[in-house]
Structure formats: structure tokens, C-alpha cells
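# Observations on the model geometry
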Amino acid sequence: MIEKLWFERHLGYYLLWPILWPLSVLFKAISTARRRAFQQGKKATYKAPIPVFVVGNITAGGNGKTPFVVWLVERLQQQGYRPGVVSRGYGAKAPSYPLLVTNDTSTSHCGDEPKLIYQRTQAPVAVDPIRSNAVKALLALGVDVIVTDDGLQHYALERDIEFAVVDGVRRFGNQQLLPLGPLREPMTRLQEVDFIITNGGQAETGEMGMALSPSLAVNLVTGEKIALTKLTHLVAWAGIGHPDRFFKTLETLGVEPILTHGFADHQAFDESQLKALAKKGDHVIMTEKDAVKCAGFAEANWWYLPVSAQISSEETQCILNTIKEVMEQYGSSSA
């Protein structure tokens, strides 16, 4: 329902406007005052001794941020840097913090996105609601640059480069602040970031286009890789910010599942519910983000579809040039 209020001119938008608009005004006042307090030094900030690159967004919900984090970490590694990733670990609760993610770390402790980033990149990943503590844990491991996952509004941590990821199809919905609309901050915030990365759709002036390129389906149990079109009678589910994006990706690949089911982002899965859904088809296909939560109880016919961010070589070089300038300011250079 909330998606329809934010991204479609649903009747409920007009019915709920008298209630949600004052809350939106209050949200803006509180968030603006909070940011100003950090900017004016009334609230303490932490500046790391190495560069910090923030990846985030100004809208609630999924927009392709995690694939871009993976892309950025991989580009840094290719340049000879030693990046570490900081995450709040949304939707998870660790026994203690900071938590360093390993292959054995439960997603209930670290969250699905940190686990996915670690598995894809093998870069050190630290989770802590207080991001400065996560940064300090990574410093002890010898990293020379920090990438923060979803930290655009975390002003307690100072940053050197800001990347804002935008859903190129849904854009900013009704352009209203929470809870009337999807915005975490006003649209003017985008004028301050270093790079706007637009996932899908048409990148507008001043934005860099990003596409998510799917690869072969991967079996959760065996690791076997196969063309998605070879899997018959598929049941598809997705527990991401915008499940329909995944289902539309399947359509573009020529696959029409017999059943699709969307879950809330970061939702803890019920094993019995998933297995009941799986019985409705011959195979299951899910996102890689879902797969990290299902690995412990997956069945032999469960598969996931990895996607990788693609950015033009020209725009990639522009990003790398800026990164190099910042790294050199800190006295660090690629190997």
C-alpha cells in the first residue's frame, strides 16, 4: 500500500494526505535540525585517518545500492587498494559489536547485505550501529579506504566522497518526505553529493547510468551454474526493497515464473513458508541477497540469480580519477 502512495497517484494518497503531511513536515524539521547540529559542531563527528566513501540514497526502499557497493569495492581492489566495508547491519542483532563478518557469520547477526558484500568481494566487512566503531575495527586490519554501505544520512561519520544511488525507473515518486513520500532528505541534497548513480531507466543530466547485468543461475546447494531458461516451472521470490524489479528482470530474460512472491526488505524468512512455496514448482529462483539467508536450509532445486553493476568505461574512469585524487591527499596510492 505504501508503495502505491509514494510512487503512484493512488486514491489513498489524497485520503491520507491530511494525516501524513504534518508528519512529513515534522520529519523534515527534525532531520534538518539533526544535520545542522553535526555541521555546526554541536554533535560530535568522527574523521577516520583514511578516506571514507559513502554509498547511500535519499529515498527509502531498494534502488540497487548493494550492487554498486560491490562494484566500487571491486574497482578499488583492482586499483591495488585495500578497502573495508562498514555497515549498520539493518534488521540484524549481533551478540556484540563491532562484528567482523566471516563465512560463518549468521545473517541474523550481520544482516543480508553485509554478508552478500563479504561473499562477493572477500573484503573485510564490519557491522556496528555506531559506524565509527566499525571503522576502527577495520583500521586494525590494515585497510586503506572505507566504503560505507547506506550511510548518506549518518552524519556522525565524516566522508570524502558521496555516491547517491537512484532508482532510474521509479525516481523519487511523489517527491515528498517521509512518511508522505519516499524521501529521506529533500531533493536539493543531490546537489551536494559527488556522484549520482542512476540504476536503470534513463540517466538525467549530471547523473551516471548503471545497469544490473544478470549472470547464470547458481544452485544454493551444489554451486552449479546454469542458464536460467533451462529451469522449468519456476517459483520466484524476492525479499528486497522493490521485488518487482527482480520479477521484471526474469521477464527480460525470457522466463515467466508460475508463481512470484515478494517479501519485505531484510525480512527474516520462515523456513516452512519458503518450503511450502517451493513445492508449487519444479525449481526456485531468488536474488543473491535472499540466498545468503536461505543457504542453511536450501534444497537441491533452489537457485539464485547474481547481478553485477555495469557502468560505462568513461564514467568509471571519472570515478577512479576522483578516488585517486582523494587517496593521494591521504598519502596513499595504488599498488
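Rules behind the numbers
Residues numbered from 1 in each chain as written. Predicted model: local features only at pLDDT ≥ 70, side-chain atom pairs only at ≥ 80, totals over all residues. Heavy atoms only, no water. Helix = DSSP H or I, 4+ residues; strand = E, 2+ residues; numbered from the N terminus. Polar contact = N/O pair within 3.5 Å; in protein donor to acceptor, adjacent residues only side chain to side chain. Contact = heavy atoms within 4.5 Å. Buried < 20%, exposed > 50% of the residue type's maximum accessible area, 1.4 Å probe, protein only. UniProt positions renumbered as here; feature names shortened; annotations may be inferred. Patch = residues over 30% accessible without salt bridge, like charges linked within 9 Å, V, L, I, M, F, W, Y side chains within 5 Å. Areas by Shrake-Rupley, 256 points an atom, 1.4 Å probe, with all protein chains shown as cover. Salt bridge = Lys/Arg side-chain N within 4 Å of Asp/Glu carboxyl O. Pairing = 2+ DSSP bridges. Axes fitted to C-alpha atoms, helices over the stretch in contact; angles between N-to-C directions.

On to the side chain of asparagine 63. Within the fold, asparagine 63 resides in the loop between strand 1 (52–56) and helix 3 (65–78). Within polar-contact distance, the side chain of asparagine 63 engages the backbone nitrogen of lysine 65 at 3.3 Å. Residue contacts for asparagine 63: discarding those within four places in its chain leaves Asn57, Val165, Val166, Asp167, Asn199 and Arg245.

Turning next to the pairing of strand 6 (residues 161–167). With 7 of 7 residues buried, strand 6 is to be regarded as a mostly interior element. What you see with strand 6 is no split at all: Ile161, Phe163, Val165 and Asp167 on one side and Glu162, Ala164 and Val166 on the other are buried throughout.

The UniProt feature table records "binding site: ATP" (unreviewed entry) at Thr59, Ala60, Gly61, Gly62, Asn63, Gly64, Lys65 and Thr66. Tracing the chain through its elements places threonine 59 in the loop between strand 1 and helix 3. Each residue touching threonine 59, except ones within four places of it in the same chain, is listed here: Arg171, Phe172, Pro182, Leu183 and Arg184. Tracing the backbone shows lysine 65 in helix 3. Owing to a relative accessible area of 8%, lysine 65 belongs among the buried residues under this scheme. Those residues in contact with lysine 65 that lie beyond four places of it in its chain are Val55, Gly56, Asn57, Glu113, Asp149, Asp150 and Val165.

This part covers a nonpolar patch on the surface. Residues Leu11, Tyr14, Leu15, Leu16, Ile19, Leu23, Leu26 and Ile30 make up a contiguous nonpolar surface patch of about 820 Å² in total accessible area. Residue classification places leucine 16 among the partly exposed positions, given a relative accessible area of 32%.

So, about helix 5 (residues 112–121). The buried count for helix 5 comes to 8 of 10 residues, which makes it a mostly enclosed element. Contact partners of the buried residues in helix 5: helix 3, strand 2 (83–87), helix 4 (107–110), strand 4 (125–127), strand 5 (145–149) and helix 9 (288–294). Of the residues flanking the end of helix 5, it is glutamine 122, one or two places downstream, whose phi is positive at about 60°.

Across the sheet, 9 strands lie side by side as 3-4-2-5-1-6-7-8-15; this open sheet has mixed pairing. Looking along the sheet, the strands with just one partner apiece sit at the ends: strand 3 (99–100) and strand 15 (307–310). Two elements, strand 2 and strand 4, share 3 bridges in a ladder whose sense is parallel. The residue bridging valine 86 from the neighbouring strand is alanine 126, located in strand 4. Helix 5 contacts strand 2, strand 4, strand 5 and strand 15 of the sheet and is inclined by roughly 165° relative to strand 4.

Let us look at the pairing of strand 1. Within a regular strand, the side chains alternate between the two sheet faces. Of all 5 residues that make up strand 1, 5 are buried, and the element is covered over most of its length. The two faces of strand 1 match: Val52, Val54 and Gly56 on one face and Phe53 and Val55 on the other face are all buried. Of the strand pairs in this sheet, strand 1 and strand 5 are connected by 4 bridges, and their pairing is parallel. By the bridge assignment, valine 55 is partnered in strand 5 with aspartate 149. Bridge analysis of strand 1 against strand 6 gives 4 bridges, and the strand direction is parallel. Bridge pairing in strand 6 places valine 54 opposite glutamate 162.

Take the sheet that holds strand 13 (residues 283–287) next. One key point about sheets: their strands pair by backbone hydrogen bonds, in either a parallel or an antiparallel sense. Pairing is mixed in the open sheet, where 6 strands are placed in the order 10-9-14-13-11-12. For this open sheet the edge positions go to strand 10 (225–226) and strand 12 (259–262), each flanked by a neighbour on one side alone. Here 3 bridges tie strand 11 (residues 234–238) to strand 13, and the two strands are oriented parallel to one another. Counted as the bridge partner of leucine 234 is histidine 283 from strand 13. On the sheet, helix 7 (residues 243–252) packs against strand 11, strand 12, strand 13 and strand 14 (302–305) and is oriented at approximately 150° with respect to strand 11. Sitting on the sheet, helix 8 (residues 271–278) touches strand 11, strand 12, strand 13 and strand 14, and the angle it makes with strand 11 is about 150°.

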